[in-house]
Every structure is written in structure tokens, then in C-alpha cells.
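Chain by chain, the residues:
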Amino acid sequence: MEFSFRSSSSKSARMVPRFFFCILPFFSLGFYLNVPTVQTFTGTYGINYGRIADNIPPPESVVTLLKAIKIKNVRIYDVNHSVLNAFRGSGLELVVGLPNEYLKDMSSNATHAMEWVKENVQAFLPGICGIAVGNEVLGGSDQELWQALLGAVKNVYNAVNTLHLAELIQISTAHSEAVFANSYPPSSCIFNDNAIQYMKPLLEFFSQIGSPFFLNAYPFLTYMSDPKDIDLNYALFQPNSGIYDPKTKLHYDNLLDAQIDAAYAALEAAGFGKMEIIISETGWASRGDTDEAVATDSNARTYNYNLRKRLAKKKGTPLRPKMVLKVYVFALFNEDLKPGATSERNFGLFKPDGSIAYDIGFRGLISSSASSSIISLKAVDHM
């Protein structure tokens, strides 16, 4: 049974807290206490390969592009077999997605979870290193999905473990900032009252199987939610006065670091202060509607260029300086079929023909003429 629904998250519809960001039946976890942590991320830079489009390059060309620009860490939102075939044995590290609409079935039917893992993960090894079970479920509007998430995660993990793949495949789920209470400064952030009853058992399970906390963090959205109180330069990693957290006595010179440390504060308050945070999505739109004035080529280039420089330093955040930050940028391509605001269709680093959307040091698929197929590929020196 192939599940090939293509699903990227909708950013414009998310609830973005002001300023910076901001239970299921008992299950014994003792069986998982000795499970080793799975390493699924090489270096610091990764990318999301969304495909809600009818004009992007075929998967084989995408693999060629990613190898040329030396991006090894890739996330997709489904298990389309044409993509999985292209990535199998490529040396790239692919995290596949189990879309939200399958969570209820996977939660209630362990057999279906096993079939899904066999047919969409095991059959395409090597190349898959992780499974993202759902996307931005907690904090969303479907309470039934909230209740199904942990059960789906457990059944998918049990299938992976039964197939002796637990040391190769990491299980995760990505959260939006809507799971946090509105809070400032970063040190005061906690999970909101609606999410915490579902979040704590999920975090307990992930802590036992060695999974990190995946966070979708968008300074672009946070700035648009409160442009009067947030300095645009602070959101874009540009020189600015920053903010000071009086509790931790830490200074922040960019919004993304503040968002991440707010999430670390929430994890610590919930009893999971040692859990690593990986940014599963972040980016900046290059075009937008009239009410999205900061969605420009210039701002998108500035954000993504400065983010790339920041990641090249291989450092952590002010609160976790030794925890080297790892980020999946959103996204590889503009996606012309995505619904919603214009910005939703313009987060790509590359245009549909494979050429760069703007210059941050990458070069892409180059066409010899407007009518010809993609025929060549070049790469620039990696930062």
C-alpha cells in the first residue's frame, strides 16, 4: 500500500504567538530504555523538498542538484515511490513523512503501521534515515489528531523496531510555535495548557527512544505578527541592538536563536531539559500579497544567506552554546500549487526550472534555452 499524498505545511494559517514565538492510556516505556540514539543529520544544513507543484524537476535531477550543492540532509512530506527510488543508495539522508490524514488509522491499527513501514521505508533502504509522523499536529485544529499522534508514533516505532531498523531510522514529529504559551523573554516560555497534556507523554516517549524535538520556526511569520515591536534586522540576522533576557542574563542578536531558546525553556519546564532541538523548517518568502510587504527577494536572500553563514560557524544558541544548531531550510523549490497566501508558493531557494531564486552561494540546474530540458549542473564553493 503506497501512500503518496503530498503535504507541505501551511505557514500563513498558523497561529504565531506575539513577540518571539512566543492523554493517551498508560504505556510502559521500560522496553526502550537501552535504545541508542540514531544519528540522522550530517553537518548543520538541510533542506525540505516539497512537491506541491506541477513544474519542478524530476526526482533524479533533484538528487543531482542536491549532490552538486552538497546538501545531504533532506526532508519530504510523504513516501512517493518515484522520489524514494531516486534517493535509494544516493548517499543522501532522507526523512520521509507520514501525512496527518493517516494518523488515526496508524494509531488504531498496528498491522497497517507495519505494512506502511515495510512497503515505504524498508523497501527503499539504504537512503531513508527517519520518519516524521505527522506535521504540526499539536497546536492544530483537529483534536482527534492530537489524541491519535502518540499512538501512531508508538505503532510506527514498534514496526521499525520489530524489523530491526531502530538503529537506522529515527522517529520524530515536527511542532509549530503554536504549542507554546505567549511568553517573553525566552526563559519564560512554556507549553500552552491545551498542548501540555499531549506533549508530555510524547516527549517522554521520544526521550526514551532518543529522538530530538523538531521545531518549525519562522522569524518571517513572527515579524509579520508584530512589526511594531520587532526590529526587522533582528529577524534577518542583520546588525541590531538585540534583546536581553534578565533571568538568564543572555543577550540575543537574532530572532531565530531566541525562538529556539524559548523552546528549550519550555522543554526544561516540562522536565526534558536535555532534549536536543532541531529546526525542521525555517525560511523567508521572496514574494507575497499586499499585506506581506517583507516578502521580497532582498529579504529572502538576506535571511537565507545569513542563516547559512550562521550555520557554517557550527555553534549553538546562547542557552545551549555546545549544542550545535541543525536546520532544515524551507524550501528547495517554489511550489506553484500550494493554496493560501502568495508567500506560501514562494519559499524556494530554486525556481521551477532548477535555477536559483536568488544568490546565497548556490548554483542550480542550468537550462541552455527557455525551451530546452535541464542539461547541466554547476556548484560553487561551499561555505
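Every value quoted in this text rests on a predicted model; they were computed, and no experiment measured them.

Next up on the list: the overall build of the protein. For the protein, the count of helices and strands is ten helices and twelve strands. Among the 383 residues that make up the protein, the fraction classed as buried is 58%. Element-wise, carbon and sulfur atoms account for 51% of the exposed surface of the protein, whose accessible area totals about 15,300 Å².

So, about the side chain of Asn334. Looking at where Asn334 falls in the secondary structure, it is placed in the loop between strand 10 (327–330) and strand 11 (365–367). With relative accessibility at 11%, the residue Asn334 sits in the buried group. Within polar-contact distance, the side chain of Asn334 engages the backbone nitrogen of Gly348 at 2.8 Å. For Asn334, the contacting residues outside a window of four places in its chain are Ala53, Ile56, Arg345, Asn346, Phe347, Gly348 and Phe350.

To continue, consider the packing of aromatic side chains. Scanning the entire structure with this criterion turns up 19 aromatic pairs. On the numbers, 5.7 Å between centres and 85° between planes, the contact of Phe220 with Phe347 is edge-to-face. In this pair, Phe220 is assigned in helix 7 (residues 219–225) and Phe347 in the loop between strand 10 and strand 11, connecting sequence segments 127 residues apart. One exposure class covers both Phe220 and Phe347, and it is buried. Through pairs of rings, three or more aromatic residues link up here, namely Tyr77, Tyr218, Phe220, Phe237, Trp284, Tyr303, Phe330 and Phe347. Over the aromatic face of Tyr264 sits the side chain of Arg320, whose NZ or CZ is 4.9 Å from the ring centroid.

Read around the barrel, eight strands follow the order 1-2-3-4-5-6-9-10 and close on themselves; strand pairing throughout is parallel. Averaged over all neighbouring strand pairs, the angle between strand axes comes to 25°, with direction disregarded. Pairing between strand 2 (residues 73–75) and strand 3 (residues 93–98): three bridges, direction parallel. Residue pairing in the sheet places Arg75 in a bridge with Val95 of strand 3.

Within the element layout of this structure, Ala132 appears in strand 4 (residues 128–135). Owing to a relative accessible area of 4%, Ala132 belongs among the buried residues under this scheme. If near-sequence neighbours (up to four positions away) are discounted, Ala132 is found in contact with Arg75, Val95, Val96, Gly97, Leu98 and Ser172.

This part is about unusual backbone geometry. For the peptide bond that leads from Leu125 to Pro126, omega is -5°, which places it in the cis range. Inspection of the secondary structure assignment puts Pro126 in the loop between helix 4 (110–120) and strand 4. Note the cis peptide between Phe330 and Ala331, where omega equals 10°. With respect to the helices, strands and loops of the structure, Ala331 is situated in the loop between strand 10 and strand 11. Even without being glycine, Glu136 reaches a positive phi, approximately 55°. Its relative accessible area of 12% is what places Glu136 among the buried residues. Phi at Phe237 takes a positive value of approximately 65°, unusual for a residue other than glycine. Take Phe237: it is sitting in the loop between helix 8 (232–235) and strand 7 (243–245). Overall, Phe237 belongs to the buried group, its relative accessible area being 15%.

Here the protein averages 89 in pLDDT, and 86% of its residues register 70 or above. Every residue in residues 15–33 is under pLDDT 50, and counting partners more than four places away or in other chains gives 65 contacts. Here residues 367–383 is modelled with pLDDT under 50, and outside its nearest four sequence neighbours on either side it reaches 33 contacts, counting other chains as well.

The next thing to look at is the pairing of strand 10. Neither face of strand 10 is exposed, since Val327 and Val329 on one face and Tyr328 and Phe330 on the opposite face are all buried. As defined by bridge partners, strand 1 (residues 45–48) adjoins strand 10 across four bridges and the pair is classed as parallel. Bridge pairing in strand 10 places Tyr45 opposite Val327. For strand 9 (residues 277–282) and strand 10, the ladder comprises two bridges, and the chain directions are parallel. Bridge pairing links Ile279 to Val327 in strand 10. Handedness of the β-α-β unit built from strand 9, helix 10 (residues 297–312) and strand 10 comes out right-handed.

To describe two helices that pack against each other, one gives the angle between their axes and the distance between the axes. Between helix 5 (residues 143–162) and helix 6 (residues 193–209), the least distance of the axes is 10 Å, while the angle of their chain directions is 10°. Taken as axis vectors, helix 5 and helix 6 run roughly parallel relative to one another. Residue-level contacts link Gln143, Trp146, Gln147, Leu149, Leu150, Val153, Lys154 and Tyr157 of helix 5 to Asn194, Ala195, Tyr198, Pro201, Leu202, Phe205, Phe206 and Ile209 of helix 6. Classifying every residue of the contact of helix 5 with helix 6 gives twelve nonpolar, three polar and one charged.

The next subject is helix 4. Looking only at helix 4, the buried set comprises Ala113, Met114, Trp116, Val117 and Asn120. Taken around the axis of helix 4, the buried residues stretch over an arc of 165°, which confines them to a single face. The opening residue of helix 4 is Asn109, an N-cap whose side-chain oxygen sits 3.1 Å from the backbone nitrogen of Thr111.

The rules behind the values
Residues numbered from 1 in each chain as written. Predicted model: local features only at pLDDT ≥ 70, side-chain atom pairs only at ≥ 80, totals over all residues. Heavy atoms only, no water. Helix = DSSP H or I, 4+ residues; strand = E, 2+ residues; numbered from the N terminus. Buried < 20%, exposed > 50% of the residue type's maximum accessible area, 1.4 Å probe, protein only. Areas by Shrake-Rupley, 256 points an atom, 1.4 Å probe, with all protein chains shown as cover. Polar contact = N/O pair within 3.5 Å; in protein donor to acceptor, adjacent residues only side chain to side chain. Contact = heavy atoms within 4.5 Å. Phe/Tyr/Trp six-rings, centres within 6.5 Å; stacked < 30°, edge-to-face > 60°. Lys NZ or Arg CZ within 6 Å of the ring centre and 35° of its normal. Pairing = 2+ DSSP bridges. Axes fitted to C-alpha atoms, helices over the stretch in contact; angles between N-to-C directions. pLDDT = per-residue confidence, 0-100. Right-handed = clockwise from strand over helix to strand, strands pointing away. Parallel < 35°, antiparallel > 145°, perpendicular 65-115°, else oblique. Nonpolar A, V, L, I, M, F, W, Y, C, P; charged D, E, K, R; others polar. Arc of directions from axis to C-beta.

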